[in-house]
Amino acid sequence: MERIFGKKEYQDINKEISKAINEKGFLISVHRGSRGGNVIENTLESYKLSIMKGADMFELDIAFSKDDVLYCFHDTTEYYNLHINDNIETFTSKEIDEFRLYNSIGERTEKHINRFEEVLKTFNNGEFYNIDRAWKRLDLLFPLLDKYENALTHALFKSPVKKEILDFLDKYSTKYMYMPIIYKEEDLELLNQYKNINVVGFEVIIRNNESPFLKNHTIERLKKENYFIWINAIRLSDGDKWSLADHNDDDVSLFSNTDKGWKTIINEYHADIIQTDWPELLIKLRK
């Protein structure tokens, strides 16, 4: 039986992503877009490359200029992407437009930081994209999304579970697809207080095998309630800080234990969407 994710009153909005998950079993999202060589993360090229590789979705990060322009950039990456030490959000849009990005071997390119509106104009043919790190200025993000009809059914907004964010989403008239990032059971308790938010799925953070989401069978319950489960397989550094799926991450999948990693995320966590830095290899596994 085909699943329609989220509440019944939002089925028309959520039907496209539901259809894609039903057809493919699980979707593959690319972290910051595919990059390498002269293709730089969080650029139109990196997002296009993700789709060219066969991924179903790309993730993009949002940063804000001092004069309220939205850019595709992960603040705190200024040192290796721009060779500067200052946070991008301390600059005006005029200054940001003059920056040039550095590629994977540290060479300066002529590539500029893309404004988020360039993404909205470019990807309007059924591509799904996940919007990260935009929750600081929802008053800027959502009116911009409103200008582009395709965004309603193909943009997936995510954020930590915070009261001020939920208050905004509950009151905002356009009900974009929302994916809360849940770290603890209390996040779900707060979410349950809001009735007018189009929660379509959850990014579930599983730090270790003692996670309450595993112990309490939370993932199974959320799936039975018609929400999709997003698991993040990316690995950003050594150690436990960036263990988002009990070390079932890209590194393990590629080099250490082929029976763990992605296979655990698929077969034990029953993920509906997996985020990775290596989409072509996860696509091969899915086939």
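Whatever comes next refers back to the structure up there.
Caption draft 1: Representation of the overall build of the protein within the structure. The helix and strand tally for the protein stands at 14 helices and 9 strands. When the backbone C-alpha atoms are referred to their principal axes, the protein occupies close to 50 × 45 × 35 Å. Residue burial in the protein is summarised as follows: out of 287 residues, 53% are buried. Relative to all contacts within the protein whose residues are 6 or more apart in sequence, the contacts with residues 24 or more apart total 61%. Element-wise, carbon and sulfur atoms account for 48% of the exposed surface of the protein, whose accessible area totals about 13,500 Å². Where the 40 positive side-chain charges of the protein centre and where its 50 negative ones centre are 2 Å apart.

Caption draft 2: Just the nonpolar core, in detail. Membership of the largest hydrophobic core comes to 58 residues, with the highest contact counts inside it found for Phe116, Ile131, Leu141 and Leu145. With 6 residues, the top contributor of residues to this core is helix α6 (residues 138–145). Leave out the neighbours within four places in its chain, and Ile131 touches Leu60, Ile62, Phe116, Leu141, Leu145, Ala155, Leu156, Phe157 and Lys158. Counting residues in hydrophobic clusters, the runner-up holds 16 residues, among them Tyr10, Ile17, Met57 and Ile273.

Caption draft 3: Spatial organisation of helix α8 (residues 163–171). All of the buried residues in α8 are Ile165, Leu166 and Leu169. Axial view of α8: buried residues confined to an arc of 95°, hence all on one face. For α8, exposure combined with an orientation more than 90 degrees from the buried face picks out Glu164 and Lys171. Packing partners of the buried residues in α8 comprise α6, β5 (155–160), β6 (177–182) and α9 (185–191).

Caption draft 4: Main features of the pairing of strand β1 (residues 27–30). Residues Leu27 and Ser29 of β1 are buried on one face, and the alternating residues Ile28 and Val30, pointing to the opposite face, are buried as well. The pairing of β1 with strand β9 (residues 273–276) spans 4 bridges and is classified as parallel. Bridge pairing links Val30 to Thr276 in β9. Taken together, the 2 bridges between β1 and strand β2 (residues 57–64) define a ladder with parallel strand orientation. Note on β2: the bridge partner recorded for Val30 is Phe58.

Caption draft 5: Region of interest: the pairing of β2. Along β2, 8 of the 8 residues are buried, which leaves the element largely enclosed by surrounding structure. Both faces of β2 are covered, namely the face carrying Met57, Glu59, Asp61 and Ala63 and the face carrying Phe58, Leu60, Ile62 and Phe64. Sheet analysis places β2 next to strand β4 (residues 128–132), joined by 5 bridges and oriented parallel. Of the residues in β4, the one forming a bridge with Met57 is Phe128. Between the end of β2 and the start of strand β3 (residues 70–72), which pair antiparallel, lie 5 residues, with Asp68 showing a positive phi angle near 70°.

Caption draft 6: Local environment of unusual backbone geometry. Here Asn42, not a glycine, exhibits a phi torsion of approximately 60°, which is positive. Asn42 sits in the buried class, given a relative accessible area of 2%. Located in the positive-phi region is His83, a residue other than glycine, with phi close to 60°. With respect to the helices and strands, the residue His83 is situated in the loop between α3 (78–82) and α4 (93–98).

Caption draft 7: Seen up close, the pattern of salt bridges. Within this structure, the stated rule accounts for 26 salt bridges. Of the charged contacts, one joins Glu280 and Lys53 as a salt bridge, the two residues approaching to 3.3 Å between their closest N and O atoms. With Glu280 in helix α14 (residues 279–286) and Lys53 in the loop between α2 (44–52) and β2, the pair connects residues that are 227 residues apart, well separated along the chain. By relative accessible area, Glu280 is classed as partly exposed at 33%. Of the residues examined, Lys53 reaches a relative accessible area of 30% and is grouped as partly exposed.

Caption draft 8: Fine view of the packing of α6 against α8. Interaxial distance between α6 and α8 falls to 11 Å at its minimum, and their mutual angle equals 30°. Relative to α8, the element α6 lies roughly parallel. In this structure, α6 crosses over α8, and the sense of that crossing is right-handed. Along its contact with α6, which presents Leu138, Asp139 and Phe142, the element α8 presents Ile165, Phe168 and Leu169. Tallied by class, the residues present in the contact of α6 with α8 amount to 5 nonpolar, no polar and 1 charged.

Cut-offs used in this document
- Residues numbered from 1 in each chain as written.
- Predicted model: local features only at pLDDT ≥ 70, side-chain atom pairs only at ≥ 80, totals over all residues.
- Heavy atoms only, no water.
- Helix = DSSP H or I, 4+ residues; strand = E, 2+ residues; numbered from the N terminus.
- Buried < 20%, exposed > 50% of the residue type's maximum accessible area, 1.4 Å probe, protein only.
- Contact = heavy atoms within 4.5 Å.
- Areas by Shrake-Rupley, 256 points an atom, 1.4 Å probe, with all protein chains shown as cover.
- Lys, Arg positive; Asp, Glu negative; His and termini not counted.
- Charge placed at Lys NZ, Arg CZ, Asp CG, Glu CD.
- Core = buried A, V, L, I, M, F, W, Y, C linked by side-chain atoms within 4.5 Å.
- Arc of directions from axis to C-beta.
- Pairing = 2+ DSSP bridges.
- Salt bridge = Lys/Arg side-chain N within 4 Å of Asp/Glu carboxyl O.
- Axes fitted to C-alpha atoms, helices over the stretch in contact; angles between N-to-C directions.
- Parallel < 35°, antiparallel > 145°, perpendicular 65-115°, else oblique.
- Left-handed = near helix turned anticlockwise from the far one by under 90°.
- Nonpolar A, V, L, I, M, F, W, Y, C, P; charged D, E, K, R; others polar.

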